[in-house]
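Next come the chains, spelled out residue by residue.
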Amino acid sequence: MVDVHRRESALDGARPREPMMSDIKGGKGSVFYRAHSYHTKVPVEGIVQLIEHYTDPGDVVLDPFCGSGQTGVAAVLTGRHAVLSDLSPAAVHIARGYTARVNPDRFKQVASELLAWLRPQELELYGVPGGQIEYTVWSDVYQCVRCDREILFWDAAVDHHAGAVLKTLSCPVGHGPFKKTDLHWLSSQPVQENISLDGQSARLVRSVETAGQRNGVERVNIPHWFPRVPWESWREMWRSQHEAQGIVTSADFFTERNLYALSALWDAIARVKEDRIRAGLRFVFTASVNRASRRYQWHPKRPTNVLSSTMYVASLNYEFNVFSLFRRKLATITSMYRETWEAPGSCEVHLGSAEQLSWAADDSVDYVFADPPFGSNIYYSDSSFLWEAWLGEQTDVAAETVVNRRLTAELGRTTLDDYEKAMSRAMGEISRAMRPGAWASLQFHNSDDAVWSAIQSAVDSAGLSVEAAVVMDKGQASFKGLRHEDKGEKVANFDLVMHLAVGSTPGSRTQRREVDRTEIAKELREYIALQPPSRRTTPWLHSQVMRYLLAEGASPAGWSFAAVESLCGEVLERRGTAWHLPVASK
C-alpha cells in the first residue's frame, strides 16, 4: 500500500498547478513502444509530459488501468514512484516486464547461453542445407462447390505479377468466381519459404514444392508443456471461422512446428535460476508469441502484422522462425533495459480491479493517469488470450469494465449501464486515493455519444470535475484510424485527455446544458480556419467537438462521430480527406 504519511501535501488542499492546456504529442518509434505489443499503448513521451507538469521528483503516480505499463516507464525515467494495477494477468506481466530492474549485460549473457543451448533444436526444426528457414507462407485450401476439387488460395486468389489479393477465386477447371464465404474450408498448407543462407545477406525465396522433404512435426510428439486453453464461442472475438478451421484451443492458433519451438523455449526459460532474468526472458517470449502464431497475415506488398482487436486467421499467413523472432525481440528489450537500469524512479505493479484499489491508501497519490477501456472498443481478455494461455492465468471476464453484448449476465457485464456503474466505482477509488490538490488525467475517446455520457456521469459521481481537455496525438493512426481512412468507417482516430480535479461532493449529478447545431457549426468553422489540412479530417473534428463540450460543461448527447460528420457535410466542404470552409458564392 502507498504510504499516506510519506510527505504532507505542499499547499494543504489548494491546487498547486494549473491544468495542462497544450496538446500532447508522442511517437511510436521509441524502444519502449517497440519492445512489447499491447492492444492500446500511450507513448511514454506523452505521459512524461503530463507527469512533469503535475508532479515533482519523488511524487507518487497512480495508474489503475495500467495496460502495458507505460505510466510506470515514464515514472521510472523521471524519478517518480509509480503504483500500477490492472485486472489482466497479461497486462500485469507486461507492465512488470517493462518496469523491471534487469542488468542488461547479465541479461544478454544468460540469453545468449540459452539460445546456444537451443541451437540444435532450432536447426532441427528450421534448418536447411546451407541455411535456415526464416519464415514460411501458408495458404488456405478450399473445396469447389461445383466439382469438389481443391482450390489453393495462393494459386487462385493471388495475382503475383500485380502484387494483389483478389476478392474472388475460381477452381482449377474454371468454376466460379466464388467468394471465400461460398466455399468449404479444407486445410492450410505451406506454399513458400524464405531462407537465410549462411554468410549471405540476401534471402532465398522458393516454393515449398521445390524444397524437397519437409521436417514434419506432429503435436502428439511434442515433449514439452504447451497450453490448451479452450477458445469458446461465448467470447466476443470468437467466429464461426475458428470452428470451421478446427481452432478450439490456444494450441490451434500455432502450427505444429512453431508450437514445438515455443514449448522448447518456454521450458528452457523456466530452468533459468535467476528470478529477474527468468522474468525478463518470459517478457521477451510473450513479446514474440503473437507473431509466432497463425494470426500474422501475409500480404504481397507489405507485412501487415497481427491485426489488433481481433483473433482473425487470414487465408495467407506467416509461420515465422520462433528463435529468430525471439532474438530480434531480445535485442530490443536488452536495449530497453539499458535505458532503465540506472533510471531514478521506481514502480510497483498489482493484479486487481480498478474498482477496489486496496493497495492505495486514502489521500496518498500525487497524480493519476488513467487510460480505461473505451466502452466496447476492445475486448481485452480475448485480445490477451494467447499471452494468458502461456502465462497460465486468465482474466476474470465477469469483472472487466467493457460493454460485451455476447456475454450473458451470469458470465459478465453486458450493458452500457453496467459499464457506467463500474467506471463510477473506479473513479470513486481514484478520487479517494488523490491527495488534496492533486490532479488526475483521464484519456478517453469513443465514437458513441452515449459512451461519452456514461464516462461523464462516472466522473461526476466521484466528485471530480473536468477542468480542461486536450488532444493526445500519438503520431500516426491506429489500426481503426487507418480503416477509417481506407474504408470510410466511422471510428475515432485521436484520444482526448481530460484533466480532473476534485470539484463537488461525491455522488452528486451535474446538470449539463444541451448544445445545438448552430453552436457546434460555429465552433467547427472557427477551428478549421486555424488548422492545417492534417487536423481537418473528421476524426480530428470529432475530437475537437468533444473537447469543446467537455470544456463548456455541456452534454455530449447527440454528438456521435456520425453526427459530427453529418454536420460537417452541411456546413463545410470536403476535399480529399480534409474539410474546408465553403468557397463564398460569387
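Residues numbered from 1 in each chain as written. Predicted model: local features only at pLDDT ≥ 70, side-chain atom pairs only at ≥ 80, totals over all residues. Heavy atoms only, no water.

### Examining the overall build of the protein chain
Of the regular secondary structure elements, the protein chain holds 18 helices and 18 strands. Per-residue burial over the protein chain gives 57% buried out of 586 residues. Across the protein chain, the fraction of contacts at a sequence separation of at least 24, relative to all contacts at a separation of at least 6, is 74%. For the protein chain, the exposed surface amounts to about 24,900 Å²; the carbon and sulfur share of it is 49%. (Helix = DSSP H or I, 4+ residues; strand = E, 2+ residues; numbered from the N terminus. Buried < 20%, exposed > 50% of the residue type's maximum accessible area, 1.4 Å probe, protein only. Contact = heavy atoms within 4.5 Å. Areas by Shrake-Rupley, 256 points an atom, 1.4 Å probe, with all protein chains shown as cover.)

### What about the sheet that holds strand β13 (residues 365-370)?
Read from one edge of the open sheet, eight strands run β1-β15-β16-β14-β13-β2-β3-β12, paired in mixed fashion. Of all the strands in the sheet, just β1 (24-25) and β12 (346-351) have a single pairing partner and so form its edges. Docked against the sheet, helix α3 (residues 70-78) engages β2 (60-63), β3 (81-86), β12 and β13, running at close to 170 degrees with respect to β3. The strands touched by helix α14 (residues 449-461) are β14 (434-444), β15 (464-473) and β16 (495-502); relative to β14, the strand with the most contacts, the crossing angle is about 175 degrees. (Pairing = 2+ DSSP bridges. Axes fitted to C-alpha atoms, helices over the stretch in contact; angles between N-to-C directions.)

### Structural notes on the pairing of strand β10 (residues 203-207)
Note that strand β9 (residues 184-197) and β10 share five bridges and pair antiparallel. Paired with Ser196 across the strands is Arg203, a residue of β10. Hairpin connection, β9 to β10: the antiparallel pair is bridged by five residues, and Gly199 has positive phi, about 75 degrees.

### So, the confidence of the model for the protein chain
Keep in mind that low pLDDT regions are not for reading the predicted coordinates in detail. Scored by pLDDT, the protein chain comes out at a mean of 88, with 88% of its residues at no less than 70. Below pLDDT 50 for its whole length, residues 4-15 participates in 26 contacts with residues either more than four positions away or in separate chains. (pLDDT = per-residue confidence, 0-100.)

### Details of the packing of helix α9 (residues 275-292) against helix α10 (residues 322-340)
Between α9 and α10, the least distance of the axes is 9 Å, while the angle of their chain directions is 130 degrees. When the axes of α9 and α10 are compared, the pair comes out oblique. For the crossing formed where α9 meets α10, the hand is right-handed. From α9, Gly280, Leu281, Phe283, Val284, Phe285, Ala287, Ser288, Arg291 and Ala292 reach across to α10, where they touch Val322, Leu325, Phe326, Lys329, Leu330, Ile333, Met336 and Tyr337. (Parallel < 35°, antiparallel > 145°, perpendicular 65-115°, else oblique. Left-handed = near helix turned anticlockwise from the far one by under 90°.)

### Points about the state of the cysteines
This structure, assessed with the given rule, holds zero disulfides. Not part of a disulfide, Cys347 finds its nearest cysteine sulfur in Cys66, a span of 7.8 Å. Among the residues examined, Cys347 registers a relative accessible area of 22% and is labelled partly exposed. (Disulfide = S-S within 2.5 Å.)

### A short note on the environment of Ala157
Structurally, Ala157 is set in the loop between α6 (153-156) and β7 (158-159). Distance in space between the C-alpha atoms of Ala157 and Lys180 is 9.8 Å, their sequence separation being 23 residues. Excluding its chain neighbours within four sequence positions, the residues that come into contact with Ala157 are Ala164, Val165, Leu166, Thr168 and Leu169.

### What about the side chain of Asn317?
Residue placement: Asn317 occurs in strand β11 (residues 316-320). We classify Asn317 as buried; its relative accessible area is 2%. In terms of polar contacts, Asn317 uses its side chain to reach the backbone carbonyl oxygen of Ala314, at 3.0 Å. Those residues in contact with Asn317 that sit more than four places away from it in its chain are Thr136, Val137, Trp138, Arg294, Tyr296, Gln297 and Trp298. (Polar contact = N/O pair within 3.5 Å; in protein donor to acceptor, adjacent residues only side chain to side chain.)

### Considering the pattern of salt bridges
Counting across every chain of the model gives 28 salt bridges. Between Arg432 and Glu429 there is a salt bridge whose closest N-O contact spans 2.9 Å. Taken together, the residues Arg432 and Glu429, both in helix α13 (residues 416-433) and three residues apart, mark about one turn of the helix. Residues joined in a network through salt bridges with shared partners are Asp23, Lys25, Asp473, Arg535 and Arg547. (Salt bridge = Lys/Arg side-chain N within 4 Å of Asp/Glu carboxyl O.)

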